[in-house]
Amino acid sequence: MFCITLAESTYKKLLEKIEKGSKYTDFFELRVDYLRDLNTSELEKLLKLPYKFLFTFRSYEEGGYKKFSDGFRLEWILWALNQKFYLVDLEWKLFKKFYSKLKDLNFNKILISYHNFKKTPSLKYLNRLLIEMQKRGIKKAKIVCMCKTLEESFRLLNLIFFAKKRKIELISFGMGEKGKISRIFSLFCGAPFTYVVLSKKETVAPGQFDINSAIKFYETIKQIIS
């Protein structure tokens, strides 16, 4: 339900944050683009822990910490797909660019992600995006956009229902203050999980909740609708 995003520079810090976060959840996103040293043996050690991990090597254009070539990121993503990660994030742009190399993979472990930090596209555009994903065999996806109005955040929540009809498990919510509540409401719409951080100072995206605030908000909404 709650996936704690960990954006740390060292493996020691990652371990410390995993220990702190384990009292709230067993699911963590590892933002490897933040690591000073990309090391397979250290990542393999983490995978021996009794938790679920989402491997994310975010591009600089979509909110990543540093600039890496697409080819370099793809090598790491392919490596991660052969490890015991619960999910591996693969950006839609990268997927399309290297489709010939990726089309025969098992998509059950891949989370295709689309981010727009400038705006929320029209419903027509977003629906077409999901239909194209469906045609390419995508099973799990993430669509996150910057929202300037509450209406735009509801547009993203509606996508979850549209995706479900196309047999795509979708995480969709808005960024920014106008999109903030959709991060939690997405869970009630059918999103398998939403992203949080351990503390407010550790946010990596606009409007991201810390885990304590997210749990309180979720429980409040749950009580209201039940």
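Analysis parameters
Residues numbered from 1 in each chain as written. Predicted model: local features only at pLDDT ≥ 70, side-chain atom pairs only at ≥ 80, totals over all residues. Heavy atoms only, no water. Helix = DSSP H or I, 4+ residues; strand = E, 2+ residues; numbered from the N terminus. Contact = heavy atoms within 4.5 Å. Axes fitted to C-alpha atoms, helices over the stretch in contact; angles between N-to-C directions. Parallel < 35°, antiparallel > 145°, perpendicular 65-115°, else oblique. Left-handed = near helix turned anticlockwise from the far one by under 90°. Nonpolar A, V, L, I, M, F, W, Y, C, P; charged D, E, K, R; others polar.

Participant: I tried to follow the environment of Leu-126 on my own but got confused; where do I start?
Facilitator: Note on placement: Leu-126 falls in helix α6 (residues 123-135). C-alpha of Leu-126 to C-alpha of Phe-162: the two residues are 36 residues apart in sequence and 10.0 Å apart in space. Beyond its immediate stretch of four places on either side in the chain, Leu-126 contacts Thr-120, Pro-121, Ile-143, Arg-155, Leu-156 and Leu-159.

Participant: Honestly, the packing of helix α7 (residues 150-165) against helix α8 (residues 180-189) in this entry has me stumped. Any pointers?
Facilitator: How two helices sit against one another is set out by the angle between their axes and by the gap between those axes. In contact at an axis separation of 10 Å, α7 and α8 are set at 25° when each is read in the N-to-C sense. The orientation of α7 with respect to α8, classified from their angle, is roughly parallel. The handedness of the crossing between α7 and α8 comes out as right-handed. Contacts from Leu-150, Ser-153, Leu-157, Ile-160, Phe-161 and Lys-164 in α7 reach Ile-181, Ser-182, Phe-185, Ser-186 and Cys-189 in α8. Among the residues forming the contact of α7 with α8, the class breakdown is seven nonpolar, three polar and one charged.

Participant: Would you mind showing me how to read the environment of Tyr-65 here?
Facilitator: Examined against the element boundaries, Tyr-65 turns out to sit in the loop between β3 (52-56) and α3 (70-81). When the C-alpha atoms of Tyr-65 and Lys-201 are compared, they prove to be 16 Å apart, with 136 residues separating the residues in sequence. Leave out the neighbours within four places in its chain, and Tyr-65 touches Arg-31, Asp-33, Tyr-34 and Tyr-60.

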